[in-house]
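Structural overview
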Amino acid sequence: MIRPISLFLAVLVFFPFSRLKADVQLDSLDALVIKYENAKSDSTIYFMDRYLELAEKEHRVQEIMKMHSAKGKFYARKGLLDSALRYFKFNLEMARKLNKEEAVSRASINIGNIYTTQGKYNSAIDRYLEALRIIEKSGNKKLLTVNYVCLGITYYYLKQYENSLQFYQKALAIYDEQKEKQASAYCYNTMGIIYKETGNTAKALDCFLRTDAIAREEKDSSILSHNLGNLGELYGMTGRREKAIASLEEGIRLTRRFEDFKGLGENLVLLGNVQVKFAQYEKAIATYNETLSLAGKVGVPDMAKNSYLGLSEAYSAMKNFKMAADNHKAFARLKDSLFNVTSSMQIADMQTRYETEKKEQENVILSKENNIQSMQIEKQRNQRNFLIVGFILVFLLGVLIYSSTRLKHQNKLLAEKELRTRAVFQAQEKEKMHLSKELHDGLGPLLSLIKLNASSVKAVPENEKLLADIKELTNESIKEVRGISHALMPSLLQKQGLQAALTDFFSQVEQTGTLKVKFDHNVSHPFASETEVHIYRIVQEAVNNTIKHAGATEVAVSISQKNSGIELLIADNGKGFDLSNNSNGNGLNNIYSRVDFLKGTISMENKKGTTIKIQIPSHA
């Protein structure tokens, strides 16, 4: 055992050495964080966590706040906004406790940026204004202009253009004072777009001309070519054909020279639009065709979509209705394709974010477990020199705290999983609603227009049968589009509720002659709209399965409200199916997923047909 005097001397020697060692370790970990920040996510998080553990152990407040900010920005870049928000909010709370005003303002701006990305614009503005009150007192102009621009962008998204312009003008005044010309040019360009959208073409023109002058002076070809497109479009809107075409052609030359193919395509489409506006249809067709060729080479489908729409308008103005219709069909196909790709990417992105965050959380748990094991080994080594009983008590307390923390963490993971499941379902229903609206409002009127045009064509003996066939096919197409639109998202479900939507659905089923439906709806209080959507989808899936696989002639559907919640019964007189078979298709899996999301239970029986019984608690 070390004698008291020896132990005292050991502490005196070890303390400065320990402090020095901590500084070196923190510097080394910080360097490793920077090294792996843009390369390996797992390594970055690992070294960030080690840095934080050491900083917390040494009570280094400045270093703790620094790494929380770094982790927040890292997660924000990865798209894990909720995780980023937690670290920024920690910094905000700590900065307030320590009365560090500049740290409060920086944390508030970071939180505001996350809220803006999430579309929570009012919450973002609250954070920006809190930062603004602090920064205006401190006089930090660099931070002030950042805040002004953030407020300008957020008010622009809210379509509060007056407020947006006010903050862009404040930022512009500082940029002009500090002679930051390129930043000034970007402010003028954005302000010009706002003025153009609000119909103030004179001020929009002034802003675009100022942008043009600065971009030429600074030889900034990027902002110049973009601004020439805005300028040409504005000249076209105000009837100045020569200036519109001259501006757009200069922008096209610049983008060709620097091989900015995306900017080239955008300017070509704008030039085609101006040529159509001033009845230069042949030139417009040549311009749009060049854009189509460019879109095929560089793989930008949105460019091709806009070109097809322009070609349709040009051919329609030239009375070439066949080419107009062909190009409009190409436009509609590409638009639907882009929508489907975007929707799939959004769902895949949500799933990827969920899996990534889940993996990172698991890594944190594993890391903590490894740390605890290391601590146990170290304690066993120290037990030879220190009081055994005291260290055992500390160890047991650590295990208890760890178990409690882990249980809370697992509950948190389950809650986050439920939130992401809800987001996926909501995204799917939103996509179905959007596609239903596109079919109803886009393709439906186009088919009606085709029918109207066919009806107006003078009938002669040689084309009388052809016209009759066109009308008949158009009528069938209109019915088909309405049917698909209704299947994706019935308007009755939104307007009149679940009972009306299911009654209409069953009426359509019975009209096919394949199945007779008995529907019993015994509900005194309406459900939440989200619950009604899930119940509708469950019934729709079950009845479709009955039609496809059961060989039934009758099905009975009953929805009743009981003290414990909602009871849904679906019974048919078909041949049933093997419940032990785990590969019964996506339809049954979708039913299980929705029931599970509603925290319900499901049971099935195969006696003289199939009976599905679903119990949904009242809080769903």
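Calculation criteria
- Residues numbered from 1 in each chain as written.
- Predicted model: local features only at pLDDT ≥ 70, side-chain atom pairs only at ≥ 80, totals over all residues.
- Heavy atoms only, no water.
- Helix = DSSP H or I, 4+ residues; strand = E, 2+ residues; numbered from the N terminus.
- Buried < 20%, exposed > 50% of the residue type's maximum accessible area, 1.4 Å probe, protein only.
- Contact = heavy atoms within 4.5 Å.
- Expected span 1.5 Å × (residues − 1).
- Arc of directions from axis to C-beta.
- Phe/Tyr/Trp six-rings, centres within 6.5 Å; stacked < 30°, edge-to-face > 60°.
- Lys NZ or Arg CZ within 6 Å of the ring centre and 35° of its normal.
- Pairing = 2+ DSSP bridges.
- Axes fitted to C-alpha atoms, helices over the stretch in contact; angles between N-to-C directions.
- Core = buried A, V, L, I, M, F, W, Y, C linked by side-chain atoms within 4.5 Å.
- pLDDT = per-residue confidence, 0-100.
- Lys, Arg positive; Asp, Glu negative; His and termini not counted.
- Salt bridge = Lys/Arg side-chain N within 4 Å of Asp/Glu carboxyl O.
- Parallel < 35°, antiparallel > 145°, perpendicular 65-115°, else oblique.
- Left-handed = near helix turned anticlockwise from the far one by under 90°.
- Nonpolar A, V, L, I, M, F, W, Y, C, P; charged D, E, K, R; others polar.
- Polar contact = N/O pair within 3.5 Å; in protein donor to acceptor, adjacent residues only side chain to side chain.

In terms of helices and strands, the chain carries 22 helices and five strands. When each of the 620 residues of the chain is scored for burial, the buried share is 38%. Expressed as a percentage of contacts within the chain between residues at least 6 apart in sequence, the contacts between residues at least 24 apart total 58%.

Attention now goes to helix H20 (residues 498–511). Residues spaced three or four apart along an α-helix point in a common direction, a consequence of the helix completing one turn every 3.6 residues. A rise of 1.5 Å per residue sets the reference length of H20, with its 14 residues, at 20 Å; its end C-alpha atoms lie 20 Å apart and thus fit the reference within 8%. By the burial criterion, the buried members of H20 are Leu498, Ala501, Leu502, Phe505, Phe506 and Val509. One side of H20 holds all its buried residues, which, seen down the axis, span an arc of 130°. Directly after H20, the chain includes glycine 513, whose backbone phi takes a positive value near 80°.

Moving on: the packing of aromatic side chains. Under the defined criterion, the tally for this structure stands at eight aromatic pairs. For the ring pair tyrosine 156 and tyrosine 161, a centre distance of 5.9 Å and an interplane angle of 55° mean the geometry is tilted. A relative accessible area of 23% places tyrosine 156 in the partly exposed class. Of the aromatic side chains, those joined through ring pairs into one cluster are Tyr121, Tyr156, Tyr157 and Tyr161. The ring of phenylalanine 278 carries lysine 277 above its face, with NZ or CZ at 6.0 Å from the centroid.

Quick look at the sheet that holds strand S2 (residues 554–562) now. Taken together, the five strands give an open sheet; going across it, the order is S1-S2-S3-S5-S4, and neighbouring strands pair in mixed fashion. Because the sheet does not close on itself, it has two edges, and the strands there are strand S1 (516–522) and strand S4 (601–606). Strand-to-strand, the axes of this sheet are offset by a mean angle of 10°, without reference to chain direction. The pairing of strand S3 (residues 565–572) with strand S5 (residues 610–617) spans seven bridges and is antiparallel. Among the inter-strand pairings, glutamate 567 is bridged to a residue of S5, identified as glutamine 615. Packing against the sheet, H20 makes contact with S1 and S2, and its axis sits at approximately 170° to S1. Strands in contact with helix H21 (residues 529–550) are S2, S3 and S5; relative to S3, the strand with the most contacts, it is inclined by about 10°.

Sheet faces and side chains relate simply in a regular strand, where the side chains alternate between the two faces. By the bridge criterion, six bridges tie S4 to S5 in an arrangement that is antiparallel. By the bridge assignment, threonine 601 is partnered in S5 with glutamine 615. If you look at the hairpin formed by S4 and S5, you'll find three residues sitting between the two strands, and lysine 608 has a positive phi there, around 55°.

Once that is clear, we can look at the nonpolar core. Ranked by size, the top nonpolar core spans 83 residues in total, and within it Tyr75, Ile109, Tyr148, Leu151 and Met191 carry the most contacts. Discounting residues that sit within four places of it in the chain, leucine 151 has contacts with Ile125, Tyr128, Leu129, Leu132 and Phe167. Within the second largest apolar cluster, 34 residues are counted, among which are Phe527, Val539, Ala542 and Leu588.

Quick look at the confidence of the model for the chain now. Averaged over all residues, the pLDDT of the chain is 76; the fraction at 70 or higher stands at 71%. Ranking the elements of the chain by mean pLDDT puts helix H1 (residues 4–36) last with 45 and helix H10 (residues 201–218) first with 91. When the criterion is pLDDT under 50, residues 1–20 qualifies, and its contacts beyond four places in sequence or with other chains add up to four contacts. Considering only residues more than four positions removed or in separate chains, one finds that residues 342–354, a stretch of pLDDT under 50, has 11 contacts.

Take glutamate 532: it is sitting in helix H21. At 12 Å, arginine 537 is the nearest oppositely charged side chain to glutamate 532, a buried residue that forms no salt bridge. Among all residues touching glutamate 532, those that are not within four sequence positions of it are Leu493, Gly497, Leu498 and Phe527.

In terms of residue burial, S3 counts as a mostly covered element, since six of its eight residues are buried. Pairing geometry for S2 and S3, over eight bridges, is antiparallel. Opposite serine 558, over in S3, you have leucine 569 as the bridge partner.

Right, let's get into the packing of helix H6 (residues 121–138) against helix H7 (residues 141–157). Between H6 and H7, the shortest axis-to-axis distance is 10 Å and the interhelical angle comes to 155°. With respect to H7, the element H6 is oriented roughly antiparallel. The interaxial crossing formed by H6 with H7 has left-handed handedness. Touching Tyr121, Ala124, Ile125, Tyr128, Leu129, Ala131, Leu132, Ile135 and Glu136 of H6 are Leu143, Leu144, Asn147, Tyr148, Cys150, Leu151, Thr154, Tyr155 and Tyr157, all from H7. In the contact of H6 with H7, the residues fall into 15 nonpolar, two polar and one charged.

Another point: the pattern of salt bridges. For the structure on display, the rule yields 18 salt bridges. A salt bridge links arginine 210 to aspartate 206, with the nearest nitrogen and oxygen atoms 3.1 Å apart. Here the residue arginine 210 and the residue aspartate 206 both occupy positions in helix H10, the gap between them amounting to four residues, near one helical turn. For glutamate 266, the salt bridge is made with lysine 262, and the minimal N-O distance between the two is 2.6 Å. Here glutamate 266 and its partner lysine 262 are both found in helix H13 (residues 261–277), four residues apart, which amounts to about one turn of the helix. You can call glutamate 266 partly exposed: its relative accessible area is 38%. Several salt bridges share partner residues, and in doing so they unite Arg96, Arg127 and Glu130 into one network.

The residue asparagine 99 is not glycine, and still its phi comes out positive at about 60°. Even without a glycine there, the phi angle at lysine 219 is positive, about 55°. Within the secondary structure, lysine 219 is located in the loop between H10 and helix H11 (221–237).

Right, let's get into H7. Between the first and last C-alpha of H7 there are 24 Å, a value that for 17 residues agrees with the 24 Å anticipated at 1.5 Å per step. Buried residues of H7: Leu143, Leu144, Thr145, Asn147, Tyr148, Cys150, Leu151, Gly152, Thr154 and Tyr155, and no others. Along its buried surface, H7 packs onto helix H5 (101–118), H6 and helix H8 (161–177). The distance from a side-chain oxygen at the start of H7 to the backbone nitrogen of lysine 142 is 3.4 Å, and the residue carrying that oxygen is asparagine 140. Note on H7: the residue one or two positions beyond its end, lysine 159, has a positive phi of about 65°.

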